[in-house]
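Structural description and commentary
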Amino acid sequence: MNDIGVYQRGSDTWLILASAYVVPAPSQAPVLASRTLELVNEVRARGTRCGARSFQPAPPVKFSGTLASVAFGHAADMATHNYFEHEDLQGRSPAERVRAVGYKEKLVGENIAYGPKSAEEVVQGWLSSPGHCENIMDPRFAEMGIAYAMGRASKHGLYWVQLLADPQA
């Protein structure tokens, strides 16, 4: 829904533009995860520039249900407790959260975002940020998990978490 209106008070006139904030339903999570993986692998396949650094094409990452589950745990925790950090409220890093579920990794990277409403929007935001982009393009990462959760505290947007990892053989 989009709407336009005019509000006048005294000598002030305000032009009001409104658009509904559409939040993806929980049933859309598998579709968003699949689309996000597709977008990440498209950019990895062609290579890209991350700030001042150019990256050659990188092998595709595979979806990991374990990483997605850990990503959802962190997204839900941030959404519930109204914070936005890589370190959780228990002081655990992304690698520590991954290890806590028995995932054996050589390397872990994490991208977080607050606000995007679509896979396209969140991936584009990460690609526009050199550090996040470098995580996406790092050829050492072989697996990815992605999740989002709706903010329940004072903020009411989507919290996104992308975990990238290189599992031990």
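Structure report, in brief. Keep in mind that this is a model prediction, so the values were computed, not measured.

To continue, consider the overall build of the protein chain. The helix and strand tally for the protein chain stands at five helices and eight strands. If you list the helices and strands of the protein chain from N to C, you get β-β-α-β-β-β-α-α-β-α-α-β-β. Of all 169 residues assigned to the protein chain, the portion counted as buried reaches 41%. Of the roughly 9,300 Å² of accessible surface on the protein chain, a fraction of 55% belongs to carbon and sulfur atoms.

If you walk through the whole model with that rule in mind, you get one disulfide. Here Cys-50 pairs with Cys-133 through a disulfide, and the sulfurs are 2.0 Å apart. Residues Cys-50 and Cys-133 are joined through a disulfide that is left-handed, its torsion about the S-S bond being -60°. Of this pair, Cys-50 sits in strand E3 (residues 48-50) while Cys-133 is found in helix H5 (residues 130-137), placing the two residues 83 residues apart along the sequence. Residues Cys-50 and Cys-133 agree in their burial class; the two are buried.

All right, on to helix H4 (residues 119-127) then. Inspection of H4 places Ala-119, Val-122, Val-123, Trp-126 and Leu-127 among the buried residues, and these make up the whole buried set. Looking straight down H4, one finds that the buried residues subtend no more than 135° of arc, so they occupy a single side.

Inspection of the entire model under this criterion finds eight salt bridges. Residue Glu-38 is joined to Arg-35 by a salt bridge in which the shortest nitrogen-to-oxygen separation is 2.8 Å. With Glu-38 and Arg-35 both in helix H1 (residues 29-46) and three residues apart, the pair spans about one turn of that helix. For Arg-35, a relative accessible area of 26% translates into the label partly exposed. For Glu-105, the salt bridge goes to Arg-99, with nearest N and O atoms at 3.0 Å. Given the relative accessible area of 45%, Arg-99 is considered partly exposed. Among the charged side chains, a salt-bridge network with shared partners connects Arg-35, Glu-38 and Glu-120.

What counts and how
- Residues numbered from 1 in each chain as written.
- Predicted model: local features only at pLDDT ≥ 70, side-chain atom pairs only at ≥ 80, totals over all residues.
- Heavy atoms only, no water.
- Helix = DSSP H or I, 4+ residues; strand = E, 2+ residues; numbered from the N terminus.
- Buried < 20%, exposed > 50% of the residue type's maximum accessible area, 1.4 Å probe, protein only.
- Areas by Shrake-Rupley, 256 points an atom, 1.4 Å probe, with all protein chains shown as cover.
- Disulfide = S-S within 2.5 Å.
- Arc of directions from axis to C-beta.
- Salt bridge = Lys/Arg side-chain N within 4 Å of Asp/Glu carboxyl O.

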